[in-house]
Amino acid sequence: MPISKKPRSKTAFKTSTKARAPAALPDRRAMESFLAAIDGHRGDDATAKAQNLMCEAWERTTSRPRIALARKALGISPLCADAYVLVAEEARSIEEARDYYAKGVEAGELALGPRGSKRYAGHFWGFLETRPYMRARAGLAGTLLKLGDVDSALAHYRDMRKLNPNDNQGIRYVLAGCLLRQDNDGALKELLAAYEGGNASWLYTRALMAFRESGGSDGRAAALVRDAWSANEHVPAILAGAKPPVISDDGYVTMGGPDEATYYVTECGAAWHRTPGAVPG
């Protein structure tokens, strides 16, 4: 699922169609300033000063001061990729967001430089210096996907997995959904084999792939469905149309809840219905 979706405790789920607004949480990006200070990465150069200003911007709760601080950061250093990311998040159109994310990717590449890119390859995200670039690239890929440029989005997602095989950003979940919608079973099978465990969407997709391979004749698909069902019991009923979808209206989903199931069915349900016998009639 998209990394912008934030889980709540399963016990916190309310059956009311109007979700209760969650308590305001600090932006996790702002906490990186404390990590930088502890690790001794708080520098005096222009980009470091701009990044410090971004930590202040993320703490703002309304658009105008957030954007003002982001633009101030860019005035200090045009290599502040996170400033472009924030402006993209506040953009008025998906096309505008794409353009700002692209500028963020370019700024991140310049800030890291060839030496930094080579040094951190395979371990991106493990170093604070790489995170603004990775955030910008994830945002760019996401907007390209929404705009229908699937091939370009997939190229970014694949490159990001090479840069950060640990996949702290959860790129594999979005990539798996793309491959499943394309019926690219070969690439999807390789991706699923690269990571153990996962959320409900990962487990249900793994079960579907097993069913496609065996038709359920070897019992492996059934076992995987049971694992997936234990992660979210609502998917089969929503997938079959026996239960109405529940759409989160506040940007949050409940892990194991019907809103999480609805998101998965919206993204991947068509692939299940294209697979003969996967969804009981």
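What this report covers is the structure whose coordinates are included nearby. (Residues numbered from 1 in each chain as written. Predicted model: local features only at pLDDT ≥ 70, side-chain atom pairs only at ≥ 80, totals over all residues. Heavy atoms only, no water.)

**Observations concerning the overall build of the protein chain**
Alright, step 1. Helix and strand counts for the protein chain come out as 13 helices and two strands.
Alright, step 2. Out of the 281 residues in the protein chain, the part that is buried amounts to 43%.
Alright, step 3. Within the protein chain, counting contacts between residues at least 6 apart in sequence, those at least 24 apart form 60% of the total.
Alright, step 4. With an accessible surface of roughly 14,800 Å², the protein chain has 55% of that area assigned to carbon and sulfur atoms. (Helix = DSSP H or I, 4+ residues; strand = E, 2+ residues; numbered from the N terminus. Buried < 20%, exposed > 50% of the residue type's maximum accessible area, 1.4 Å probe, protein only. Contact = heavy atoms within 4.5 Å. Areas by Shrake-Rupley, 256 points an atom, 1.4 Å probe, with all protein chains shown as cover.)

**Details of the packing of helix α9 (residues 185-193) against helix α10 (residues 200-214)**
Alright, step 1. Axis separation between α9 and α10 bottoms out at 11 Å; the angle between their running directions is 130°. Considering the angle they form, α9 stands oblique to α10. In this structure, α9 crosses over α10, and the sense of that crossing is left-handed. From α9, Asp 185, Leu 188, Lys 189, Leu 191 and Leu 192 reach across to α10, where they touch Trp 202, Thr 205, Arg 206, Met 209, Arg 212 and Glu 213.
Alright, step 2. Across the contact of α9 with α10, the residue classes break down as five nonpolar, one polar and five charged. (Axes fitted to C-alpha atoms, helices over the stretch in contact; angles between N-to-C directions. Parallel < 35°, antiparallel > 145°, perpendicular 65-115°, else oblique. Left-handed = near helix turned anticlockwise from the far one by under 90°. Nonpolar A, V, L, I, M, F, W, Y, C, P; charged D, E, K, R; others polar.)

**Here's the deal with helix α13 (residues 258-273)**
Alright, step 1. With 16 residues, α13 should cover 22 Å at 1.5 Å per step; its first-to-last C-alpha distance of 19 Å lies more than 12% under that length.
Alright, step 2. Along α13, the sharpest kink reaches roughly 60°, centred on Glu 267.
Alright, step 3. Taken as a whole, α13 has its buried residues at Pro 258, Asp 259, Glu 260, Ala 261, Thr 262, Tyr 264, Val 265, Cys 268, Gly 269, Ala 271 and Trp 272. (Expected span 1.5 Å × (residues − 1). Bend = angle between axes of the 7 residues up to and from the residue.)

**Details of the state of the cysteines**
Alright, step 1. Summed over the entire model, instances satisfying the criterion amount to zero disulfides.
Alright, step 2. Distance from the sulfur of Cys 80, which forms no disulfide, to the nearest cysteine sulfur (Cys 55) is 9.1 Å. (Disulfide = S-S within 2.5 Å.)

**Concerning the packing of helix α7 (residues 150-163) against helix α8 (residues 171-181)**
Alright, step 1. In contact at an axis separation of 10 Å, α7 and α8 are set at 140° when each is read in the N-to-C sense. Comparing the axis directions of α7 and α8 gives the class oblique. For the element pair α7 and α8, the recorded crossing hand is left-handed. In this structure, α7 uses Leu 154, Tyr 157, Arg 158, Met 160 and Arg 161 to contact α8, whose residues at the interface are Ile 171, Val 174, Leu 175, Cys 178 and Leu 179.
Alright, step 2. For the contact of α7 with α8, a count of residues per class yields eight nonpolar, no polar and two charged.

**Observations concerning the nonpolar core**
Alright, step 1. One finds Met 54 and Trp 272 to be the most contacted residues of the largest nonpolar core, which totals 73 residues.
Alright, step 2. Here this core takes nine residues from α10, the largest share from any one element.
Alright, step 3. Excluding residues that lie within four positions of it along the chain, Trp 272 makes contacts with Tyr 204, Leu 208, Leu 239, Tyr 264, Ala 278 and Val 279. (Core = buried A, V, L, I, M, F, W, Y, C linked by side-chain atoms within 4.5 Å.)

**Thoughts on the packing of aromatic side chains**
Each aromatic ring pair is specified by the distance between its two centres and by the angle formed by the two planes.
Alright, step 1. One pass over the full model with this rule turns up seven aromatic pairs.
Alright, step 2. A centroid spacing of 6.1 Å and a plane angle of 65° characterise the contact between Phe 124 and Tyr 133, whose relative ring orientation is edge-to-face.
Alright, step 3. When its relative accessible area of 2% is taken as the criterion, Phe 124 is described as buried.
Alright, step 4. Their ring planes at 80° and their centres at 6.1 Å tell us that Tyr 195 and Trp 202 sit as a pair that is edge-to-face. By the burial criterion, Tyr 195 is buried, and Trp 202 matches it.
Alright, step 5. The ring of Tyr 195 has Arg 172 sitting right over it, with the charged end atom 4.6 Å from the ring centre. (Phe/Tyr/Trp six-rings, centres within 6.5 Å; stacked < 30°, edge-to-face > 60°. Lys NZ or Arg CZ within 6 Å of the ring centre and 35° of its normal.)

**Description of the environment of Asp 167**
Alright, step 1. If you trace the backbone, Asp 167 turns up in the loop between α7 and α8.
Alright, step 2. On the basis of relative accessible area, Asp 167 is assigned to the buried category, the value being 5%.
Alright, step 3. Beyond its immediate chain neighbours, meaning those up to four positions away, Asp 167 contacts Arg 172 and Tyr 195.
Alright, step 4. Within the structure, the side chain of Asp 167 is placed 2.7 Å from the backbone nitrogen of Ile 171, a separation counted as a polar contact.
Alright, step 5. Among the polar contacts listed, one links the side chain of Asp 167 to the side chain of Arg 172, at a separation of 2.8 Å. (Polar contact = N/O pair within 3.5 Å; in protein donor to acceptor, adjacent residues only side chain to side chain.)

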